[in-house]
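Examination of the molecular architecture
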Amino acid sequence: MKHSDDIVNLFQQFGAKADPYHELARQQEHKLSRERWPLVSAVRDAVADDVPSVDRRAGAPGAPAPQAAAFTPAPASARPAPAGWAQPAARPAAEVPPPVVAPAPMPMSPADRVPPSAALAARSPLSGLAGLRAAAAPSLSDAAAGQAGSLPADLPSVFARLAGAGDAPARPAAAWQPRKGHP
Amino acid sequence: MPARVRAMSSIVSMPSSPEIAEHLVQQQCAVQWRGFFQALAAEFAAALAPEDLRALMFRVGARFAAEHPLPACATLQELEQAMSAVWTRIDWGWVRLVQDVAQLDIHHSLSPVSAAFGPDHAPWSGGFLEGVYQGWFERAGAGQLKVVQRAPADAWGCVHLQLAR
């Protein structure tokens, strides 16, 4: 959106401060935009809680807590500089920002073991508008898959369990087999 | 599934053109042998009933399993890797073993059997894979269980079998 700061520049010409001045036209344009494209407002409201803070310094609101075993990047001087790239002069320590501490990976719970597409759909604000949030929720078949996934995988246990599964129908009745005269 | 195939499957879609799909399927069997196998299959089918042909292919598969023994495996994942190692070494696709409560699903991908013998003979030529997996599972300790093919192979040679009681 193109806008002009003519009023601010004019104040500066006279050495005055333009702080008390409010550009009403800009707010009016925002209001018209929101009324014209309601999807923009819907997306903004939907992502309001999901967007993490960009300020990742320790102690900043929303910044991850530093971990004891977290990765600390090597100092810049220890890394090889690419050819033709001049190293900047060392800055005073007060100007050097503290190293960014990467968050430790979270332990994965069974509820997190959904396909990446489903996990992304659950986080996407547009998925709510498209009805994808319900689709991303674990289904009954997912629950059954989770149950099968928790079965012991060592071969003696697998074979013993399958051999003892005779009480339940071990397989569907309609096994596919070729029939005489029907190649 | 090999990592290379997994990576490709995430970025490559299946061909939408039937001509391309048919061409790729034919590539699964060398042109040097295709005519021979299809004449052999036609002669077999003229002389034997499908169930007899299936039993014959099952015995061929069991012999293949005996001649391609798997290393000792402790878990289902190790068994799947050992089986897939044999298949990928001879360019016969790969296998995925999926546990369910009452059966073990065997998903074999890209078997060239149908491409070699022709889709008309898929109802009995699939007995080969049944025999191979039966032989491998028996040697792994599942002698009381039986491998059964659940559906005919699709055009790409993907076959669904099950191990159950």
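Residues numbered from 1 in each chain as written. Chains lettered and ligands numbered in written order. Predicted model: local features only at pLDDT ≥ 70, side-chain atom pairs only at ≥ 80, totals over all residues.

Attention now moves to the overall build of chain B. When helices and strands are counted, chain B shows eight helices and four strands. Along chain B, helices (α) and strands (β) appear in the sequence α-α-α-α-α-β-β-α-α-α-β-β when read from the amino end. Counting across all 165 residues of chain B, residues that qualify as buried make up 34%. Sequence-distant contacts in chain B: of pairs separated by 6 or more residues, those separated by 24 or more amount to 60%. (Helix = DSSP H or I, 4+ residues; strand = E, 2+ residues; numbered from the N terminus. Buried ≥ 20, exposed ≤ 12 C-beta atoms within 10 Å, placed from the backbone. Contact = placed C-beta atoms within 7 Å.)

When its secondary structure is counted, chain A shows eight helices and zero strands. In sequence order, the secondary structure elements of chain A are arranged as α-α-α-α-α-α-α-α. Per-residue burial over chain A gives 3% buried out of 183 residues. Counting contacts in chain A only where the partners sit at least 6 residues apart, residues at least 24 apart contribute 44% of the total.

The next subject is the environment of Trp87(B). All names here are of chain B. Residue position: Trp87 is located in helix H5 (residues 76–89). Given 18 C-beta atoms within a 10 Å radius, Trp87 is considered partly exposed. When neighbours within four sequence positions are excluded, Trp87 is seen to be in contact with Trp92, Gly93, Trp94 and Val95.

It is characteristic of soluble globular proteins that their nonpolar side chains tend to be buried jointly. Formed by 36 residues in total, the largest nonpolar core has its most connected members in Ile106(B), Tyr133(B), Phe137(B) and Leu163(B). Counting only elements with at least two residues in this core, the list comes to helix H8 (155–163) of chain A together with helix H4 (50–67), H5, strand E1 (94–99), strand E2 (104–109), helix H6 (113–117), helix H8 (127–139) and strand E4 (159–164) of chain B. No other element matches the six residues that H8(B) contributes to this core. The residues touching Tyr133(B), leaving out its near neighbours within four places in the chain, are Ile106(B), Val147(B) and Leu161(B). (Core = buried A, V, L, I, M, F, W, Y, C linked by C-beta atoms within 7 Å.)

Residues and elements named next belong to chain B. Judged by pairing direction, the sheet is antiparallel, and its four strands sit side by side in the order E1-E2-E4-E3 without closing on themselves. Strand pairing shows two members of the sheet lacking a second neighbour, E1 and strand E3 (146–151), which therefore form its edges. Ignoring strand direction, the axes of neighbouring strands in this sheet form an average angle of 25°. For E1 and E2, the ladder comprises six bridges, and the chain directions are antiparallel. Following the sheet pairing, Trp94 is matched in E2 by Ser109. (Pairing = 2+ DSSP bridges. Axes fitted to C-alpha atoms, helices over the stretch in contact; angles between N-to-C directions.)

Let us look at the confidence of the model for chain A. Residues and elements named next belong to chain A. On average, residues of chain A carry a pLDDT of 55, and 21% of them reach 70 or more. Per-element confidence in chain A ranges from a low mean pLDDT of 39 for helix H6 (residues 132–136) to a high of 94 for H8. Counting contacts from residues 62–97, a segment whose pLDDT is below 50, to residues more than four positions away or on other chains yields 21 contacts. (pLDDT = per-residue confidence, 0-100.)

Residue and element names in this part refer to chain B. Relative to each other, H4 and H8 sit at 40°, their axes nearing to 6 Å. When the axis of H4 is compared with that of H8, the two are oblique. The two elements H4 and H8 meet at a crossing, and its hand is right-handed. The segment H4 lies against H8, with Arg54, Ala55, Met57, Phe58, Arg59, Val60, Gly61, Ala62, Phe64, Ala65 and Ala66 engaging Gly127, Phe128, Leu129, Glu130, Gly131, Val132, Gln134, Gly135 and Trp136. (Parallel < 35°, antiparallel > 145°, perpendicular 65-115°, else oblique. Left-handed = near helix turned anticlockwise from the far one by under 90°.)

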